[in-house]
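Here's the letter readout for the chains.
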Amino acid sequence: MIRHIVFFTVQEEHLEEVRAGLSILTAIPHARLLEIGTNVKTDQLGTEIDLVVYGEFDDEAALAAYKAHPDYQRSIERVRPLREKRIAADYDSRAAVTRPL
């Protein structure tokens, strides 16, 4: 399974508009799970992230199909002009470390 995580920073006045733009992604059918979360900022050292997209996909082909969907482009068109920073990571959960090495 591929886990897709994207972090966004957004100015406060654009937060809800960006959140709404990201919510478009939840209509795309290729994810097992897709969530748009607002950072509750409880970590005392890392509070700069405002919004998080978290998705789980069966494989890289499902993730590619998600990114090729027209709603993905619609979301980008709404979000890109309003967001500040975007940081993304994808990893295969089968290769993830789950216990001390």
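For the structure itself, look to the data block above.
Here is what the cut-offs are and how they apply
Residues numbered from 1 in each chain as written. Predicted model: local features only at pLDDT ≥ 70, side-chain atom pairs only at ≥ 80, totals over all residues. Heavy atoms only, no water. Salt bridge = Lys/Arg side-chain N within 4 Å of Asp/Glu carboxyl O. Helix = DSSP H or I, 4+ residues; strand = E, 2+ residues; numbered from the N terminus. Buried < 20%, exposed > 50% of the residue type's maximum accessible area, 1.4 Å probe, protein only. Pairing = 2+ DSSP bridges. Axes fitted to C-alpha atoms, helices over the stretch in contact; angles between N-to-C directions. Contact = heavy atoms within 4.5 Å. Polar contact = N/O pair within 3.5 Å; in protein donor to acceptor, adjacent residues only side chain to side chain.

### A short note on the pattern of salt bridges
- With the rule as written, the count across this model stands at seven salt bridges.
- Linking Asp58 and Arg32 is a salt bridge whose minimum nitrogen-to-oxygen distance equals 2.4 Å. Of the two residues, Asp58 is situated in the loop between strand S3 (51-57) and helix H2 (60-68) and Arg32 in the loop between helix H1 (15-23) and strand S2 (33-38); the sequence distance between them amounts to 26 residues.
- We classify Asp58 as partly exposed; its relative accessible area is 45%.
- Lys67 is the partner of Asp90 in a salt bridge, and the nearest nitrogen-oxygen pair spans 3.8 Å.

### What to know about the sheet that holds S3
- Ordered in space as S2-S3-S1-S4, the four strands form an open sheet in which the pairing is antiparallel. Strand pairing shows two members of the sheet lacking a second neighbour, S2 and strand S4 (83-92), which therefore form its edges. Within this sheet the neighbouring strands show an average axis-to-axis angle of 10°, counted without direction.
- Across the face of the sheet, H1 comes into contact with strand S1 (2-10), S2, S3 and S4 while running at roughly 10° to S3.

### A word on the side chain of Asp50
- Along the polypeptide, Asp50 turns up in the loop between S2 and S3.
- Engagement of the side chain of Asp50 in a polar contact is seen with the backbone nitrogen of Val10, the distance being 2.6 Å.

### A look at the environment of His4
- Looking at the secondary structure, you find His4 in strand S1.
- A sequence separation of 49 residues divides His4 from Val53, and the C-alpha atoms of the two residues are 7.7 Å apart.
- Those residues in contact with His4 that lie beyond four places of it in its chain are Val53, Tyr54, Gly55, Phe57, Leu63, Tyr66, Lys67, Ala89 and Asp90.
- At 2.4 Å, the side chain of His4 and the side chain of Asp90 are in polar contact.

### Describing the pairing of S1
- Among the nine residues of S1, seven are classified as buried, and the element is accordingly described as predominantly covered.
- Where S1 meets S3, seven bridges bridge the pair, whose relative direction is antiparallel. Paired with Arg3 across the strands is Glu56, a residue of S3.
- Looking at chain direction, S1 and S4 are connected through nine bridges and run antiparallel. From the neighbouring strand, Thr9 faces S4, where its bridge partner is Lys85.

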